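# Notes for the structure review
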Amino acid sequence: MKILGISAHYHDSAAALVVDGVPVCAVQEERLSRHKNDASFPESAIEWCLDHAGLTPAQLDAVVFYERSMLKFERILTCALRSFPRSWRSFPHAIKNSLGEKVWVRGIIASHLGVPRSKIFFTSHHAAHAAAAFFTAPTRRAAILTADGVGEWATLTAGHGERRDDGRANVTLLREIRYPHSLGMLYSTFTAYLGFAVNEDEYKVMGLAAYGRPTLAAQVRKLIRRTPDGAFALAPEYFEYHTTAARSYSSMFVELFGPPRSSYDPIDLDTAEGRRFADCAASVQHVLEETLVDITRALQRETGLRDLCLGGGVALNGVANARILAESGFERVFVPPAPGDAGCALGAALYADRVYFGNPDRDVPDHPFWGPHVDARELAQAAREDNQSVQDLDEPALLDYVAGELAAGRIVGWMDGACEFGPRALGHRSILAAPHSSEVRDRLNRDIKFREEFRPFAPVTTVEAAGRYFDLPPGGLRLARFMSGVFPVRPEWRSALAAVTHVDGSARLQALEREMAPRLYALLEAYGRRTGIPVLLNTSFNIAGEPIVNRALEGYSTFRRCGIDLLVAGPFVMTRRASARPAPLEEEIACSQSAAASGAV
Ligand SMILES: [Fe+2]
């Protein structure tokens with residue numbers, strides 16, 4: 001069966017194609033439209049998926065949308081009526097949104113694709129999250145927890161998934177917590193309060209939390225009341241997201257935590273105000289973690305299972321994921337590369353395949369690379385036409401050269417194969433740099449990523465070397481496969497890994513298996529041979545406000561517009577002209593100096 005999954009109309013629209021039970025391709029609309037967090041109907045993503053598979057819409061057996069639009073509309077309507085007249089301002093806005101697009105999804109899909117309405121299906125939103133988490137994980141039985149802002153009504157679901165010996169597979173959701181009680185909304189309310197963009201900047205709250213202490217945890221606990229059955233309820237008097245689109249927190253919230261931060265004011269951690277904001281972030285992070293640990297611990301006891309699959313946007317919280325692994329009793333925790341709403345496109349297609357249609361379960365390749373491939377020749381041609389230096393090197397020479405440049409403090413744009421599906425760059429669309437120097441980190445923040453200083457960069461290393469540099473608990477390597485966990489950097493390596501060690505001594509590690517991204521793995525080996533430490537700084541290949549680069553020309557354009565020194569794709573290495581190159585770093589690692597002294601560089 002050929003099944004197209006679609007997510008759209010909230011944030012991070014995407015399309016994914018599953019053929020005979022196996023994903024063929026998946027891509028977020030933003031990577032093609034170049035509008036970050038593009039929420040529109042993913043026309044380009046669908047077109048690319050069909051083109052890539054050589055299919056026409058008429059050849060599709062089913063098109064599956066990632067939520068039940070009418071239920072979502074019912075929730076918006078019910079909540080608006082319940083809180084009337086306070087909601088009267090937001091009501092027309094909500095209704096317009098729903099009536100405009102969300103409710104009439106079947107008609108929109110039918111008219112865009114020209115497929116009969118009988119081929120169009122819907123999953124519940126959290127079933128799509130659960131399917132994206134379970135059906136992509138290499139486990140036969142696992143508990144499942146999904147948590148996000150909100151789907152139709154559910155904001156958190158708990159259940160389990162099973163691959164049976166007869167080839168059938170299923171996910172069963174046993175319980176749910178319903179809107180407006182939502183861990184995602186709690187976190188997003190603090191995201192808004194701290195002056196960041198909701199549904200986009202939640203990871204900034206997590207980054208900021210490391211600078212603070214959870215001194216306000218008792219106040220946060222007033223917002224989220226634990227119920228006797230192990231669940232939770234938000235105290236409605238502190239929130240307004242369910243009554244108005246203008247503000248998510250109430251005046252009582254402001255009384256409790258003080259004035260909110262304006263998004264235009266920088267966060268100065270040397271001031272009492274700056275520290276208060278960091279403490280707010282640390283406190284909501286702390287309460288989120290303890291709530292998730294309690295819920296997952298109860299789920300482990302209830303199911304008796306060893307594996308847990310996490311889905312939904314909350315599963316992007318790597319600090320919470322690591323605590324769940326350490327404290328819940330589950331031995332392995334699986335988080336897919338795209339646990340958020342974009343991943344629901346794939347989840348919806350897999351759910352339809354296994355559960356609606358009852359097709360036999362198939363192993364899903366355990367990698368994130370489902371998007372368009374980079375055309376290295378296109379990139380080299382653009383560079384040559386632009387009078388940039390292009391070298392065409394064989395693989396050993398290229399790896400040795402790039403490793404040497406990295407060791408000397410250069411910053412490298414790295415494009416390889418198919419684009420990642422999900423928000424993380426996991427080795428195919430990455431900016432790479434030496435991990436040792438905080439100057440490299442500051443230059444990346446200032447000249448390339450144009451972003452706040454408090455945000456950490458992530459390291460990538462090989463699975464074989466990870467335990468030497470990072471304090472990984474049992475099961476940590478799995479969580480680090482798609483950069484889904486934050487772990488301590490071993491104290492003795494923190495100065496050598498200063499650019500990737502957060503202020504609290506932690507790092508959001510990617511532990512790479514050779515088979516997943518062989519080229520990056522070989523580069524890590526080459527860099528390790530040269531410097532003694534096979535670890536690189538790995539951040540997404542984009543500049544602030546733009547989606548991760550996809551095609552060759554987007555990589556080239558980003559390379560030209562910011563301070564990246566080298567761009568690598570296929571056998572080609574493009575080097576920024578010397579006149580445009582930043583001054584060499586004052587501090588270079590001792591090993592690279594000794595390598596230089598021996599003539600190796
Ligand atoms: Fe979601």
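What this report covers is the structure whose coordinates are included nearby. Just so we're clear, the structure is a prediction, and the values are computed from it rather than from any experiment.

This brings us to the packing of aromatic side chains. Under the definition given, this model contains 19 aromatic pairs. On the numbers, 6.1 Å between centres and 70° between planes, the contact of F65 with F122 is edge-to-face. Residue F65 is located in strand β4 (residues 62-65), and its partner F122 is located in strand β5 (residues 120-122); the two are separated by 57 residues in the primary sequence. Its relative accessible area of 1% is what places F65 among the buried residues. Ring pairing ties together the aromatic residues F190, Y193, F239, Y249, F253, F257 and F277, which thus form one cluster.

This brings us to the sheet that holds strand β17 (residues 429-433). Ordered by their spatial adjacency, eight strands build an open sheet running β14-β24-β23-β15-β17-β22-β18-β21, and the pairing between neighbours is mixed. Looking along the sheet, the strands with just one partner apiece sit at the ends: β14 (389-392) and β21 (510-512). Averaged over neighbouring strand pairs, the angle between their axes works out to 30° when direction is ignored. Bridge analysis of β14 against strand β24 (residues 572-575) gives four bridges, and the strand direction is antiparallel. Within β24, the residue paired with V390 across the bridge is M574. Here helix α20 (residues 552-561) sits on the sheet and contacts β15 (412-415), β23 (566-569) and β24; the angle it forms with β23, its principal contact strand, is near 170°.

By the definition in use, this model includes 30 salt bridges. Between R164 and D166 there is a salt bridge whose closest N-O contact spans 3.1 Å. The exposure class of D166 is exposed, given its relative accessible area of 53%. A salt bridge links E327 to R297; the nearest nitrogen and oxygen atoms lie 3.9 Å apart. A residue pair is termed long-range when its members are at least 10 positions apart, and E327 in helix α12 (residues 318-327) and R297 in helix α11 (residues 272-303) qualify at 30 residues.

Here Y179 and P180 are connected by a cis peptide whose omega angle stands at 10°. For P180, the location among the structural elements is in the loop between β8 (169-178) and α7 (183-193).

This part covers empty space enclosed by the protein. Any space left empty among the atoms is revealed by the rolling of a water-sized probe across them. Within this structure, the stated rule accounts for five cavities of 30 Å³ or more. In this structure, the largest cavity occupies an estimated 130 Å³ of space. In terms of lining, the largest cavity is formed by 16 residues, of which the most central are T136, P336, P337, L346 and W370. Across the lining of the largest cavity, the residue classes tally to 11 nonpolar, three polar and two charged.

This part covers the coordination of the iron ion. The protein atoms donating to the iron ion are H125 (NE2), H129 (NE2), D148 (OD) and D341 (OD), with metal-donor distances spanning 2.1 to 2.2 Å. Binding-site remark: the iron ion is held by donors from one chain whose sequence spacing is H-x3-H-x18-D-x192-D. Here H129, found in helix α6 (residues 125-134), pairs with D341, found in the loop between β12 (332-334) and α13 (343-356); they are 212 residues apart in sequence, far enough to count as distant. H129 sits in the buried class, given a relative accessible area of 2%. The exposure class of D341 is buried, given its relative accessible area of 6%.

Two elements in contact, α7 and α11, have axes whose closest approach is 11 Å; the angle formed by their N-to-C orientations is 175°. Our classification of the angle between α7 and α11 gives roughly antiparallel. Touching L183, L186, Y187, F190 and Y193 of α7 are R276, C280, V284, Q285, L288, T291 and L292, all from α11. Grouping the constituent residues of the contact of α7 with α11 by class yields nine nonpolar, two polar and one charged.

With respect to the element layout, T558 can be found in helix α20. If sequence neighbours within four positions are ignored, T558 has contacts with F541, I543, E546 and V549.

Our next topic: α6. The buried fraction of α6 amounts to 10 of the 10 residues, a majority that puts the element mostly inside the structure. Of all the residues in α6, the buried ones are H125, H126, A127, A128, H129, A130, A131, A132, A133 and F134. Structurally, α6 contributes buried residues whose contacts are with β6 (141-147), β7 (154-163), β8, β11 (307-311) and α13.

Another point: the pairing of strand β22 (residues 535-540). For β22, the buried fraction is high: six of the six residues fall into the buried class. Burial along β22 is two-sided: the residues V535, L537 and T539 and L536, N538 and S540 are all buried. Pairing geometry for β17 and β22, over four bridges, is antiparallel. For A433, the partnering residue across the bridge sits in β22 and is L537. For strand β18 (residues 458-462) and β22, the ladder comprises four bridges, and the chain directions are antiparallel. In the strand pairing of β22, A458 is matched with N538.

This part is about α7. Within α7, 10 of the 11 residues are buried, which leaves the element mostly enclosed by the surrounding structure. Taken residue by residue, α7 has L183, G184, M185, L186, Y187, S188, T189, F190, T191 and Y193 as its buried positions. Capping of α7 at its N-terminal end is provided by S182; its side-chain oxygen lies 3.3 Å from the backbone amide nitrogen of G184. G195, located one to two residues past α7, shows a positive phi value of around 85°.

So, on to the environment of R175. Within the secondary structure, R175 sits in strand β8. Take R175: its relative accessible area is 42%, and that puts it in the partly exposed class. With residues up to four places along the chain from it excluded, the contact list for R175 reads L156, T157, A158, L299 and E302. Within polar-contact distance, the side chain of R175 engages the side chain of E302 at 2.8 Å.

Rules behind the numbers
- Residues numbered from 1 in each chain as written.
- Predicted model: local features only at pLDDT ≥ 70, side-chain atom pairs only at ≥ 80, totals over all residues.
- Heavy atoms only, no water.
- Phe/Tyr/Trp six-rings, centres within 6.5 Å; stacked < 30°, edge-to-face > 60°.
- Helix = DSSP H or I, 4+ residues; strand = E, 2+ residues; numbered from the N terminus.
- Buried < 20%, exposed > 50% of the residue type's maximum accessible area, 1.4 Å probe, protein only.
- Pairing = 2+ DSSP bridges.
- Axes fitted to C-alpha atoms, helices over the stretch in contact; angles between N-to-C directions.
- Contact = heavy atoms within 4.5 Å.
- Salt bridge = Lys/Arg side-chain N within 4 Å of Asp/Glu carboxyl O.
- 1 Å grid on protein atoms, 1.4 Å probe; cavity = no way out; pocket = protein on both sides within 12 Å on 5 of 7 lines; lining within 4 Å.
- Points joined across faces, edges and corners; volume = space filled by probe spheres on them.
- Nonpolar A, V, L, I, M, F, W, Y, C, P; charged D, E, K, R; others polar.
- Donors = N, O, S within 2.8 Å, 3.2 Å for Na, K, Ca; no water.
- Parallel < 35°, antiparallel > 145°, perpendicular 65-115°, else oblique.
- Polar contact = N/O pair within 3.5 Å; in protein donor to acceptor, adjacent residues only side chain to side chain.

Purely spatial values, then, with no claim about function.
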